[in-house]
Structures are given as C-alpha cells and as structure tokens.
Amino acid sequence: MIGWIVALISGALMSIQGVLNTEVTKQTSLWVSTGWVQFSAFLVCAAAWLLRDRSSIGALMDVSPKYMLFGGVIGAFITLTVILSMNQLGPARAAQLIVVSQIAVAYIIELMGWFGVEKADFQWSKMIGLGLSIIGIIIVKWK
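Everything quoted here is computed from the prediction, not taken from an experiment.

Definitions and cut-offs
Residues numbered from 1 in each chain as written. Predicted model: local features only at pLDDT ≥ 70, side-chain atom pairs only at ≥ 80, totals over all residues. Heavy atoms only, no water. Helix = DSSP H or I, 4+ residues; strand = E, 2+ residues; numbered from the N terminus. Salt bridge = Lys/Arg side-chain N within 4 Å of Asp/Glu carboxyl O. Buried < 20%, exposed > 50% of the residue type's maximum accessible area, 1.4 Å probe, protein only.

Quick look at unusual backbone geometry now. Geometrically, the link from Ser64 to Pro65 is a cis peptide bond, its omega value of -5° lying close to zero. Summarising the element assignment, Pro65 is placed in the loop between helix H2 (30-53) and helix H3 (71-89). Its identity as a non-glycine residue notwithstanding, Arg54 has a phi of 60°, on the positive side. Summarising the element assignment, Arg54 is placed in the loop between H2 and H3. With a phi close to 60°, Phe115 is a non-glycine residue in the positive phi region. Following the sequence through the fold, Phe115 ends up in the loop between helix H4 (91-112) and helix H5 (124-142).

Next comes the structure, spelled out in structure tokens:
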C-alpha cells in the first residue's frame, strides 16, 4: 500500500514541478530553468546526505555497468522535455502523453529484461491497459 501512495505522490509532484518549471522558463530561459532545477535538486540531495546518510560517495565508482550512472544526465533531459511539452501542450495533455510513454517504455524494459531488470512474461492485460490509455488520449484530443 505504501508503494501506491508514494507513486501517487510522485505523479502529483511531477505535475506540479512541470508547471512550476514551465513558468520559470517563461521568465528566464529554457537552459537557465533546467539548470536551476538540477542545481536545486543537488542542493537538497547534498543536505539530505549531510544530515541523514553519509554513505561513501566513492561507492559510485564501483557501480557496474558504468552506464547506470547516466540517470542524472537523463534527468536533465526529462526536465527539459517536460518543460517543452507542458509549454506546447498544456499540463494535462503533456502529462497524459508523458505517462503513456512511461508505461510503454517501462513495459518494454520489463519484457526485454534491460538494465538489470528481471525479465517479465508478456501479459495481455498490460497491453490492453496501455491501449486503453492511448484511447483515452485520443478521446481527450478529439473533445
């Protein structure tokens, strides 16, 4: 149950963050806004590490395979693309497309067993759910 609650909070925070970042971009620039998001996130993480964790930063050098360390780079492009899509499509439509893309890519990752994820068997129910999500986007677009 905790996982569900955390996931719902995550989705809500992503939508709020996207709107805030889009508004900051309108008053500054795309790269200033994106840089600020990443820098402020770093500051929060550094403070949390100082106050709560203190595990070895050097452990990052032991991460294998090394491409796993590119999550932060991808995070910068996530921020960038969320800002651009929300600016062009509005928060609701952008969020719909972002979520459907997340579901589709996550399912492909599970099916293929990429990035160290345990390979999952194909399930029609997941494909039907994805299809219904896509149909929902089409219905909203036509409205």
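One pass over the full model with this rule turns up 2 salt bridges. When the shortest N-O distance is used, the salt bridge between Glu23 and Lys26 registers 3.2 Å. Of this pair, Glu23 and Lys26 both sit in helix H1 (residues 2-27), 3 residues apart, which is roughly one turn of the helix. For Glu23, a relative accessible area of 37% translates into the label partly exposed. On the basis of relative accessibility, which here comes to 53%, the residue Lys26 falls in the exposed class.

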